[in-house]
Amino acid sequence: MNKKLFLTVVFMLSVILLGACGNNASKHPSSAGPIANEPASAAAGSAASTERVTYQSELGPVDVPANPRRIVALTNAPNVLSLGGTLVGVDEWTEKNPLFTGKLKGVEVVSDGNLEKIIELNPDLIIADASSKNIKKLEQIAPTVAYTWGKRDYLAQQIEIGKLLSKEQEAKAWVEDFSKRAKAIGEEIKKKIGENATVSVFETDSKNFYVFGNAWARGTELLYQAMGLNMPEKVKADALGPGYYTLSPEVLSDYAGDYIVLSRSAAGDNSFMQTNTWRNIPAVKNKHVIEIDTEASSYSDPTTLEHLLDIFKEGFLK
């Protein structure tokens, strides 16, 4: 029997046994001990991964490796990368992000719908979205920690990943240092553009336009929270609560601040930038537009934030 078939059979048997156990099964099987389905070769891995700690996840306590060496991150992979975590599997969006291309050599693209592929990677830790319908099945493969997107702010989430990877102090040190630097640059920017100047963050996917609130990536956390820049009142009214608001081209000017951060893909249709509707926006006329790459700005992890901090510093202060 080949390895692929063997692993699949073992997994299916474990799922059947879990169902048969009914109410006798633990609510969080991963908290019971080492990985039940892990092949002997993986179980005999590095000594560093044999030390266990209890991580208090939002779904309950989970017994995890103190120093995981084979992480499958279905979410928060960029946060893991920033702390030097060893990934063997990531979601497709992280893999497509140009900021992480050089850091993901040999790392497989996976999803919670392809359990067989995850099994083959022999993970010692899985990080998943709490909304996944396959949490129970993932827990049968390896200790699984789930996070609800947006439950914590971007800085608290980084610290939480630090706790999970036994690198909490490292994460806290970055948060403190980054917050100070971003605030200082924000003060410089406000001195130059004016204390009351406003900034809007737009994005286009060639079909629709969006304007963002203060916590939807694309640098929004950095601009509005860390730097303390101002959001136009119209944006506050329509985008601050839901996170983003869909716009038609005709009303872009109603939501445009004194400065515009434009998230767009270089590979997309950007013919709108040649239209009078766009060109007549005051911020565009005044050359107050800072462009960012959509694919490289869709997260709020340290790597992305440091990248955008450099862009905004240059864009606003040039």
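In this text, all values refer to a predicted model and were calculated from it rather than measured experimentally.

## Here's the deal with the packing of helix α7 (residues 154-164) against helix α8 (residues 168-193)
Now for step 1: Relative orientation of the contacting elements α7 and α8 amounts to 160°, with a least axis distance of 7 Å. With respect to their mutual orientation, α7 and α8 come out roughly antiparallel. Like other packed secondary-structure pairs, α7 and α8 cross with a definite hand, here right-handed. Mapping the contact onto sequence places Y154, L155, Q158, I159, G162 and K163 in α7 and E168, A171, K172, W174, V175, F178 and S179 in α8.
Now for step 2: Partitioning the contact of α7 with α8 into residue classes produces 7 nonpolar, 3 polar and 3 charged.

## Side note on the nonpolar core
Now for step 1: With 48 residues, the main nonpolar core has F202, L222, L223, W278, F312 and F316 as its most contacted residues.
Now for step 2: At 7 residues, α8 tops the list of elements feeding residues into this core.
Now for step 3: Those residues in contact with F202 that sit more than four places away from it in its chain are Y210, V211, F212, L247, L252, Y255, A256, I260, V261, L262, S263 and W278.
Now for step 4: Residues F100, I161, L165 and A171 belong to the second largest nonpolar core, which totals 23 residues.

## Considerations on the pattern of salt bridges
Now for step 1: A full pass over the atoms with the stated rule returns 13 salt bridges.
Now for step 2: With a closest N to O distance of 3.5 Å, E108 and K117 form a salt bridge.
Now for step 3: Judged by relative accessible area, which is 35%, E108 ranks as partly exposed.
Now for step 4: A salt bridge links E291 to R264; its shortest N-O distance comes to 2.7 Å. With E291 in strand β12 (residues 289-293) and R264 in strand β11 (residues 259-264), this pair connects stretches of sequence that are 27 residues apart.
Now for step 5: Looking at E291, the relative accessible area reads 36%, which means it is partly exposed.
Now for step 6: Residues joined by salt bridges that share partners form a network here, namely R152, E160 and K163.

## A look at the environment of A237
Now for step 1: Within the secondary structure layout, A237 lies in helix α10 (residues 233-239).
Now for step 2: With a relative accessible area of 61%, A237 lands in the exposed category.
Now for step 3: The sequence separation of A237 and G213 amounts to 24 residues, and the corresponding C-alpha distance is 9.5 Å.

## Examining the packing of aromatic side chains
Now for step 1: According to the stated counting rule, one finds 11 aromatic pairs in the structure shown.
Now for step 2: For the ring pair F100 and Y299, a centre distance of 6.5 Å and an interplane angle of 70° mean the geometry is edge-to-face. Separated by 199 residues along the polypeptide, F100 in the loop between α4 (92-96) and β5 (108-109) and Y299 in the loop between β12 and α14 (302-317) bring together distant segments of the chain. Here the two residues F100 and Y299 agree in accessibility, since each one is buried.
Now for step 3: Geometrically, the ring pair formed by Y210 and Y244 is edge-to-face, given 6.0 Å between the ring centres and 70° between the ring planes. Of the two residues, Y210 is situated in strand β9 (residues 209-212) and Y244 in strand β10 (residues 244-247); the sequence distance between them amounts to 34 residues.

Parameters at a glance
Residues numbered from 1 in each chain as written. Predicted model: local features only at pLDDT ≥ 70, side-chain atom pairs only at ≥ 80, totals over all residues. Heavy atoms only, no water. Axes fitted to C-alpha atoms, helices over the stretch in contact; angles between N-to-C directions. Helix = DSSP H or I, 4+ residues; strand = E, 2+ residues; numbered from the N terminus. Parallel < 35°, antiparallel > 145°, perpendicular 65-115°, else oblique. Left-handed = near helix turned anticlockwise from the far one by under 90°. Contact = heavy atoms within 4.5 Å. Nonpolar A, V, L, I, M, F, W, Y, C, P; charged D, E, K, R; others polar. Core = buried A, V, L, I, M, F, W, Y, C linked by side-chain atoms within 4.5 Å. Buried < 20%, exposed > 50% of the residue type's maximum accessible area, 1.4 Å probe, protein only. Salt bridge = Lys/Arg side-chain N within 4 Å of Asp/Glu carboxyl O. Phe/Tyr/Trp six-rings, centres within 6.5 Å; stacked < 30°, edge-to-face > 60°.

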